[in-house]
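Examining the three-dimensional arrangement
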Amino acid sequence: MEAWPVLWALAMGGVLAEAVMPAPAARTWLRWVWRGALAVPMGLGAASLVSFTLIWAGAASRISILLIEALLMTIAGAVLYKRRRDDDPAPAPAHPAAWWLWLLRAAAAFALLLFLVNFLASTAAAPYGEWDASSIWNLRARFLAGGDAWRYAVSPDLNAGLTGASHPGYPLLLSSFIARGWILAGATNTAAPAATAFAASLAAFLLLFAALAKRREESLGLLALLILAASEGWVSQTAVQHADVPLSLLVLAATALLAAALESGWTPRLALLAGLAGGFAAWTKNEGLVALLALLVVALWRGGPRMALWTAAGALPGAGATALLKLFLVRGGASLYPQTPAEAWTMLTDGARWSEVLRGYATAAVELGFAATHPLLLLAAVAFVLRPAEPARWRAALIAALPALALLGAGFGALLVTTANQQWHVGTAVNRLVAQVWPALLFAAMMALRMPGELARPDVRARKSKQPAPGAPPDPVPPPPRRPRQRQRSG
Amino acid sequence: MPAAEPASRYPALLLAVAVLVSVLSISGLLRSYRTTGQLAASSRDPYGVELAMRRFAPARRQLPAGARVAYFTDVPLNTEAGVAAFLAAQHALAPCLLVDPSGDQSPAWGAGNFSRPQPYEQPGYRVIADLGNGVILYRREERR
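What you see is a predicted model, and the numbers here were worked out from it, not measured in a lab.

Criteria and thresholds
- Residues numbered from 1 in each chain as written.
- Chains lettered and ligands numbered in written order.
- Predicted model: local features only at pLDDT ≥ 70, side-chain atom pairs only at ≥ 80, totals over all residues.
- Heavy atoms only, no water.
- Helix = DSSP H or I, 4+ residues; strand = E, 2+ residues; numbered from the N terminus.
- Rg over C-alpha atoms; globule rule 2.2 N^0.38 Å.
- Buried < 20%, exposed > 50% of the residue type's maximum accessible area, 1.4 Å probe, protein only.
- Contact = heavy atoms within 4.5 Å.
- Areas by Shrake-Rupley, 256 points an atom, 1.4 Å probe, with all protein chains shown as cover.
- Lys, Arg positive; Asp, Glu negative; His and termini not counted.
- Charge placed at Lys NZ, Arg CZ, Asp CG, Glu CD.
- Buried area = accessible area lost by both parts, 1.4 Å probe.
- Salt bridge = Lys/Arg side-chain N within 4 Å of Asp/Glu carboxyl O.
- Polar contact = N/O pair within 3.5 Å; in protein donor to acceptor, adjacent residues only side chain to side chain.
- Nonpolar A, V, L, I, M, F, W, Y, C, P; charged D, E, K, R; others polar.
- Pairing = 2+ DSSP bridges.
- pLDDT = per-residue confidence, 0-100.
- Phe/Tyr/Trp six-rings, centres within 6.5 Å; stacked < 30°, edge-to-face > 60°.
- Lys NZ or Arg CZ within 6 Å of the ring centre and 35° of its normal.
- Axes fitted to C-alpha atoms, helices over the stretch in contact; angles between N-to-C directions.
- Patch = residues over 30% accessible without salt bridge, like charges linked within 9 Å, V, L, I, M, F, W, Y side chains within 5 Å.
- Expected span 1.5 Å × (residues − 1).
- Bend = angle between axes of the 7 residues up to and from the residue.
- Core = buried A, V, L, I, M, F, W, Y, C linked by side-chain atoms within 4.5 Å.
- Right-handed = clockwise from strand over helix to strand, strands pointing away.

1. Description of the overall build of chain B
For chain B, the count of helices and strands is four helices and six strands. Reading chain B from its N end, one meets helices and strands in the order β-α-α-α-β-α-β-β-β-β. What you see for chain B is a C-alpha radius of gyration of 28 Å, clearly larger than the 15 Å of a compact globule of 144 residues, by over 25%. C-alpha extents for chain B along the principal axes are approximately 95 × 40 × 25 Å. Looking at the 144 residues of chain B, the share that counts as buried comes to 44%. Contacts in chain B between residues far apart in sequence, at least 24 positions, make up 63% of those at least 6 positions apart. Summing over all exposed atoms, chain B offers an accessible surface of approximately 7,700 Å²; the carbon and sulfur share of this is 55%. For chain B, the separation between the mean place of its 15 positive charges and that of its 11 negative charges on side chains is 5 Å.

Structure below.
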C-alpha cells in the first residue's frame, strides 16, 4: 500500500479527464479503458503541478496536498454533475466483430501479463532505477521532498555541475510527482517511482489500444498493443524510472486527441484536453516543448484561432509552470549547445556530424526490437495486408503525427549541434528520443491503414444455410439504437 | 430484437498476419524477460546506489537535513568511476547537497567516500567520525 498516493492521483486524474472530456463513445467497456488510460497523464500532470506549487510556496505537507487535490476533485465532480453529454464527437463505428478477435484479445491479455512480470523483474533488479533515475529524476524528487532543500533540485550546484549529470533546468513533472508521493507516504520509499513508472507504461498500452479501438476498430487497437509490446526499445525503458515513458504517454495522448479533433471536428473540450496533454509534456522534458509548439501550430492550422486558443488554454498549466521554472528558478547550469550562430553553422555544415546522427537514428530503429520480432516488421506485415486508408484518413493521421515528428526532428537538430562529445550524446539520447515518440507514431501509422472490417466480405455460405458453422462464434449483434441523451452522469 | 448482420469472411492473409503478430509479440516479450533475468543476474545494483544507501546511512543520520556538504574522495571526479561513486553518494545523502570543495565553497560539513584505507585528513576540515566502509564525516575547522 506504499503506492496509495499514486492511486489517489490517478483517481483525481480520472475525475478531471472525465469532466473535460466530450461525451463517451457507445461501447461502455471501451469507454472505461479509454478514460481510465487518460486518467494517468491527467493525474500525473495535475498532481505534479499541485505539489510543485505547494513546495515552491513552502506549504507542502500531507494535509495541504490532500486538501488541494480533494478540492480539485470536488470542483471537477461538480462540473461533471452539471454538464450535459451532448457533444460526443466520436461515436464508435459499427463494424461486425471479427471472429478472430478473441485470439487477439487473448494474446493482448497475455502480453500485458508478461509485461507485468518483466516489469517486476526489472524493478527488483534495479529498485532505484537506472542511471538517470538515481542521478536526475529521483534525486531531484528527494530534494523536492526535503523541505527547504527543494531549491537544490534547481541549483546549478546540482551534482557538482558535472556535464551530463547536472540538469537543473529540466522540467519537473516526474520529480515533483514522485516527491508528492514521498511527502504523502512520509518516507522516501522505492514504491513511488516504481508505481509511477508502471502506471505510465500500462496507460500507454491501454491508451494506444483504446484510442484506435474507439476511432477505428478493436482489432486494430489490439494489433497496435501487440506491436508496442514487441518493441523492446520502448519496453526496456518502462521500468528504468526515467521521464521518457511518461513523455511518450503524454505525446500519445496529445496525438490521439488531435486525431479525434481532426477527424470528428474540433470542439473546445477536445482542444482543451489535447492542450493539457501537450502542456504536461512540456512540464515533463524539454523535448515536450517542441511537441507542444507543433500541437499549437496544428490547432491553429486545422482548427482555427478559436481552437488554438482553447488548446493554448489547456497547455497553460504545464507550459506556464515550465516557463516559471526556467525564468525564475533556474540559474546557470551547463549548456550542451552552441552559444553563437557561427558555431552552430560550422557544426551544421559538417558532413561527419550528419553521418553520426543518421547512424544513431538507424541504430535506434534497429534496436527498437529483436530481429525476428521487430515491431517495424510486424507493422509492415499489418500494413501489407490492410493497405493505406483513403487519402483523407491517412492525411489526418499524418497531421496528428506532427507533434511526435517535430519532437523527433528537433532531437535530430539538437544532436547535430551538440557541444558535448557527439558520439556520446547520440549514443545516450537517440534511443530515448525514439522511445518518446514511438507509441504516438505507431498510433498514427495504424490510423493511416484501412480497418480489418473494410476487408470483410459477407459470408455467402452462412447466408444460404442461415445456420452458423460448427464452432463458429455467433453473428455479431449490432449496437442498440441510440436513445435521446439524458442528463449526464459521471459513470 | 434487431436482426443479426450476416457473418463476414476475412482474407486468410489477414488471419495469418493476426496470428503472426500475436505469436511474435509474445515471443519478443519472452525474450525481453530472459534478457532482464540475465542482466539482473550479471549486474545487480549496476550503479552502486543500493550499496551507497547502506554505506552512507550513518552519515545521513548525523548530517543536518538539507546541509551543503563538501565531498572528499580518492577517486577523481574526472573519471567514470569517480562520477559513478559521486552520483551514488549524492543519491544516498540527499536532501543534503554534495559540493566540490576545490572551488570557492567550504561548507560546514564534509563527507568522505574512499575506496581504500588511507590518511583521511583534508585541509580545512577535521575528521569527526570514521563510519566504516570508507565513509568519513568531517567538520570544517573554524579559522582563528
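Next comes the rest of the account.
2. Points about the interface of chain B and chain A
Across the boundary between the two partners, chain B contributes 55 residues, which contact 67 residues of chain A. Of the roughly 5,500 Å² buried between chain B and chain A, counting both surfaces, carbon and sulfur atoms make up 72%. In terms of surface lost to chain A, no three residues of chain B exceed Tyr10(B), Leu29(B) and His91(B), which account for 13% of the buried area on that side. Seen at the junction of chain B and chain A, the total is one salt bridge. Among the salt bridges present, the one from Arg68(B) reaches Asp157(A), with a minimum N-O distance of 2.4 Å. Where chain B touches chain A, the interface holds nine residue pairs in polar contact (both at pLDDT 80 or more). For the side of chain B that touches chain A, the leading source of residues is helix α1 (residues 12-42) of chain B, giving 22 residues. For the side of chain B that touches chain A, the class distribution of residues is 36 nonpolar, 12 polar and seven charged. For strand β1 (residues 457-458) of chain A and strand β1 (residues 8-9) of chain B, the ladder comprises two bridges, and the chain directions are antiparallel.

3. Topic: the pattern of salt bridges
All names here are of chain A. What the rule picks out here adds up to 13 salt bridges over all chains. Glu 18 is the partner of Arg 35 in a salt bridge, and the nearest nitrogen-oxygen pair spans 3.0 Å. Of the two residues, Arg 35 is situated in helix α2 (residues 28-56) and Glu 18 in helix α1 (residues 4-20); the sequence distance between them amounts to 17 residues. By relative accessible area, which is 9% here, Glu 18 ends up buried.

4. Concerning the confidence of the model for chain A
Low pLDDT means the predicted coordinates in that region are not meant to be read closely. Summarising the model, chain A shows a mean pLDDT of 89, and 88% of its residues fall at 70 or more. Below pLDDT 50 for its whole length, residues 466-491 of chain A participates in 33 contacts with residues either more than four positions away or in separate chains.

5. Description of the packing of aromatic side chains
One pass over the full model with this rule turns up 19 aromatic pairs over all chains. The interplanar angle of 70 degrees and the centroid separation of 5.1 Å between the aromatic rings of Phe72(B) and Tyr125(B) together place this pair among those described as edge-to-face. Here Phe72(B) is found in strand β2 (residues 68-73), whereas its partner Tyr125(B) is found in strand β5 (residues 125-130), with 53 residues between them in sequence. Taking the ring centre of Trp301(A) as reference, the NZ or CZ of Arg302(A) above it sits at 5.0 Å. Taking the ring centre of Trp394(A) as reference, the NZ or CZ of Arg395(A) above it sits at 5.9 Å.

6. Concerning the sheet that holds strand β4 (residues 109-113) of chain B
Residue and element names in this part refer to chain B. Ordered by their spatial adjacency, five strands build an open sheet running β3-β2-β4-β6-β5, and the pairing between neighbours is mixed. One side of each edge strand has no neighbouring strand; the edge strands of this open sheet are β3 (97-99) and β5. If you compare each strand with its neighbour and ignore which way they point, the axes differ by 35 degrees on average. Sheet topology note: the β2/β3 ladder contains three bridges and is parallel. Looking at β3, one finds that Arg 68 is bridged to Leu 97. Sitting on the sheet, helix α4 (residues 80-93) is in contact with β2, β3 and β4, with an inclination near 145 degrees to β3.

7. A short note on a nonpolar patch on the surface
All names here are of chain A. Where nonpolar side chains cluster on the molecular surface, the patch consists of Trp 301, Trp 394, Leu 398, Leu 402 and Leu 405 and spans about 470 Å² of accessible area. Put simply, the parts of the chain that give the nonpolar patch at least two residues each are α16 (391-400) and α17 (402-416). Inspection of the secondary structure assignment puts Leu 402 in helix α17. Classification of Leu 402 as partly exposed rests on a relative accessible area of 30%.

8. Concerning the confidence of the model for chain B
This prediction gives chain B a mean pLDDT of 89; 92% of its residues lie at or above 70. Mean pLDDT across the elements of chain B bottoms out in β1(B) (78) and peaks in β4(B) (96).

9. Things to note about unusual backbone geometry
A cis amide bond links Ala94(B) with the next residue in sequence, Pro95(B), at an omega value of 15 degrees. Mapped onto the secondary structure, Pro95(B) falls in the loop between α4 and β3. With a phi angle near 70 degrees, Arg387(A) is a residue other than glycine that sits in the positive phi range. Mapped onto the elements, Arg387(A) comes out in the loop between α15 (375-386) and α16. On the basis of relative accessible area, Arg387(A) is assigned to the partly exposed category, the value being 41%. The phi angle at Asn133(B) is positive, at roughly 55 degrees, despite the residue not being glycine. As for its position among the elements, Asn133(B) is in the loop between β5 and β6 (135-140).

10. Thoughts on helix α18 (residues 422-447) of chain A
Residue and element names in this part refer to chain A. Over its 26 residues, α18 runs 35 Å from end to end, which matches the ideal 38 Å to within 8%, given 1.5 Å per residue. Taking the largest bend as the criterion, α18 deviates by roughly 45 degrees, centred on Trp 438, and proline Pro 439 comes between one and four positions later. Of all 26 residues making up α18, 20 are buried, and the element is well covered by its neighbours. Capping the start of α18 is the job of one residue whose side-chain oxygen sits 3.0 Å from the backbone nitrogen of Gln 423: Asn 421.

11. Examining helix α4 (residues 101-125) of chain A
With 25 residues, α4(A) ought to run about 36 Å at 1.5 Å a step, and its terminal C-alpha atoms sit 36 Å apart, in line with that. When α4(A) is considered as a whole, its buried residues turn out to be Leu101(A), Leu104(A), Ala107(A), Ala108(A), Ala111(A), Leu114(A), Phe115(A), Asn118(A), Phe119(A), Thr123(A) and Ala125(A). Along its buried surface, α4(A) packs onto α7 (191-215), α8 (218-229) and α9 (232-238) of chain A together with α1 and α2 (49-55) of chain B.

12. Let's talk about the nonpolar core
Counting 175 residues, the largest nonpolar core has Trp34(A), Ile227(A), Trp234(A), Val382(A), Phe443(A) and Met446(A) as its most contacted members. Residues Leu87(B), Leu93(B), Trp109(B) and Val135(B) belong to the second largest nonpolar core, which totals 26 residues.

13. A few points about the pairing of β2(B)
All names here are of chain B. Handedness of the crossover joining β2 and β3 through α4: right-handed. In this structure, β2 lies alongside β4, joined through five bridges in parallel fashion. Pairing of Thr 73 across the sheet is with Asn 113, part of β4.

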